[in-house]
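Residue-level structural notes
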Amino acid sequence: MTPFPLYALAGVALVAIGLHGLFACVHLLRRILAVNIIGGGVFLVFGAVAARDPASGPDPVPHAMVITGIVVAVSATAFALVLAWRIHRATGRSTLAEDDPSPGA
Amino acid sequence: MAANPEAAGPTRPEPAPGPAARAGLAVACLALAAGLGRVVLDLPADAAGLAPVVSGRLAESGVDNPVTAVLLNFRGYDTLLETGVLLLALIAVWSLTPAGCWGGVPGPPARRGEPPGGPDPVLRGFVRWLAPVAVLVAVYLLAVGTHQPGGAFQAGTVLAAAAVLLLLAGMARPPATASLWPRLVAVAGFLAFVAAALAGMPGGREFLEYPLGLAGTLIELVETVLTLAIGATLALLVAGVPEPPAAKPPPTGPIKTELPR
């Protein structure tokens, strides 16, 4: 029994939890956290899938891509947090505005 | 910059989904998890992926750690663009500095460079011990990265964590965003990588094709500069932007301790 199913299914669960949070919550901080949870799940699945054959050892290419992805995710999170802070400063709210049903009105 | 919440115009905040919608969402997400889990577990167990390709040509890469070989040689283009993304994120964060604040020290002016609530003696004592160890760990991760797990990104992250701890403990102040050296350090990683990528081109090689005997040295040089640049950029991203002196009063009455949905 390799640990592959455990890690892969934990990653899948993180993706589902994060997706639920992304749609069920409107507070911007919660949404940013949700996107990060989805990202963590994707990285965990990718890393686990790369190491599912214990005989041949882990595949280094997905592992390198996960390292790249983590840095990009951190950068995007920093940018999202500053955007959320500016939205709060400008509107006094930490949610997005509801879509205007009649543009041009 | 006036805007109290009532005067924010005709737009209303996005409503949170009701209980029925949330239950439907939960069911949909559970179904998605079941499907994804099924697909992941059905993957063939014996696929070696690209591991044989990488190990077959590892000797040409100049390093012994396959992940470092992929990051800085075989798929160096990804990593080069990634350092560019990191730089872009810092530029994007800094470009959201409120009007009139550019160039100052990041943080609110009342306690610029001070931790919220004043310096914590326990945290200060802890950081005094931890920061040197973090630097040591970063140097080790960098040095070991060519033949064991480790490398520039891990080392840079540890450095950034040490810097953030120093900021939180009030033992260091973030540099002013207009000062030159943080910008030089942040750009250095990308520039070093581009220089290494161009190094082989006068000899008739492709972009990012390292000269065979020099690959190991070039990778070590790039990783060293990248470690400093990644650590500085991540710490600067956490430090954020300078904030204006008179931030408008809190928009909605008493401070809520619970984060609304």
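Provided above is the structure to which this section pertains.
The rules we used
- Residues numbered from 1 in each chain as written.
- Chains lettered and ligands numbered in written order.
- Predicted model: local features only at pLDDT ≥ 70, side-chain atom pairs only at ≥ 80, totals over all residues.
- Heavy atoms only, no water.
- Helix = DSSP H or I, 4+ residues; strand = E, 2+ residues; numbered from the N terminus.
- Contact = heavy atoms within 4.5 Å.
- Lys, Arg positive; Asp, Glu negative; His and termini not counted.
- Charge placed at Lys NZ, Arg CZ, Asp CG, Glu CD.
- 1 Å grid on protein atoms, 1.4 Å probe; cavity = no way out; pocket = protein on both sides within 12 Å on 5 of 7 lines; lining within 4 Å.
- Points joined across faces, edges and corners; volume = space filled by probe spheres on them.
- Salt bridge = Lys/Arg side-chain N within 4 Å of Asp/Glu carboxyl O.
- Buried < 20%, exposed > 50% of the residue type's maximum accessible area, 1.4 Å probe, protein only.
- Core = buried A, V, L, I, M, F, W, Y, C linked by side-chain atoms within 4.5 Å.
- Nonpolar A, V, L, I, M, F, W, Y, C, P; charged D, E, K, R; others polar.

1. Here we look at the overall build of chain A
Helices and strands together make up the secondary structure of chain A, namely three helices and zero strands. Each helix (α) and strand (β) of chain A, taken in turn from the N terminus, gives the series α-α-α. Principal axes of the C-alpha set define a box for chain A whose edges measure 65 × 25 × 25 Å. Put simply, of all contacts in chain A between residues at least 6 apart along the chain, 57% involve residues at least 24 apart. The average position of the 6 basic charges and that of the 5 acidic charges among the side chains of chain A differ by 13 Å.

2. A few points about empty space enclosed by the protein
Residues and elements named next belong to chain B. For the coordinates displayed, the defined rule picks out two cavities of 30 Å³ or more. Looking at the largest cavity, its volume works out to about 60 Å³. Forming the walls of the largest cavity are Thr83, Leu86, Leu87, Ala186, Gly189, Phe190, Leu226, Ala229, Ile230 and Thr233. For the lining of the largest cavity, the secondary structure elements donating two or more residues are α5 (76-95), α8 (180-199) and α9 (215-239).

3. Side note on the pattern of salt bridges
All names here are of chain B. One pass over the full model with this rule turns up four salt bridges over all chains. Between Arg38 and Asp42 there is a salt bridge whose closest N-O contact spans 3.2 Å. Where Glu60 meets Arg57, a salt bridge forms, and the shortest distance between an N and an O atom there is 2.9 Å. Look at Arg57 and you get partly exposed, because its relative accessible area is 47%.

4. Structural notes on unusual backbone geometry
Residues and elements named next belong to chain B. Located in the positive-phi region is Leu208, a residue other than glycine, with phi close to 75°. Among the structural elements, Leu208 can be located in the loop between α8 and α9. Exposure remark for Leu208: the relative accessible area of 11% places this residue in the buried category.

5. Describing the environment of Ile230(B)
All names here are of chain B. Locating Ile230 in the fold gives a position in helix α9. The buried category is assigned to Ile230, whose relative accessible area is 2%. Placed 153 residues apart in sequence, Ile230 and Tyr77 show a C-alpha to C-alpha distance of 17 Å. Aside from chain neighbours lying at most four places away, what touches Ile230 is Leu86, Ala152, Phe153 and Gly156.

6. Re the nonpolar core
Leu71(B), Leu72(B), Phe193(B), Tyr210(B), Leu226(B) and Leu237(B) are the most contacted members of the largest nonpolar core, which totals 41 residues. Here this core gets nine residues from one element, more than from any other, and that element is α9(B). Discounting residues that sit within four places of it in the chain, Leu237(B) has contacts with Ser75(A), Ala78(A), Leu86(B), Ala89(B), Leu90(B) and Val93(B).

7. Structural notes on the layout of surface pockets
Residue and element names in this part refer to chain B. Of the volumes computed, that of the second largest pocket is approximately 380 Å³. As for the second largest pocket, its lining consists of 18 residues, and the residues nearest its centre are Ala163, Trp181, Gly231, Ala232 and Ala235. Secondary-structure elements contributing two or more residues to the lining of the second largest pocket are α7 (152-168), α8 and α9. The element contributing the most residues to the lining of the second largest pocket is α9, with six residues. The residue makeup of the lining of the second largest pocket, split by class, is 16 nonpolar, one polar and one charged.

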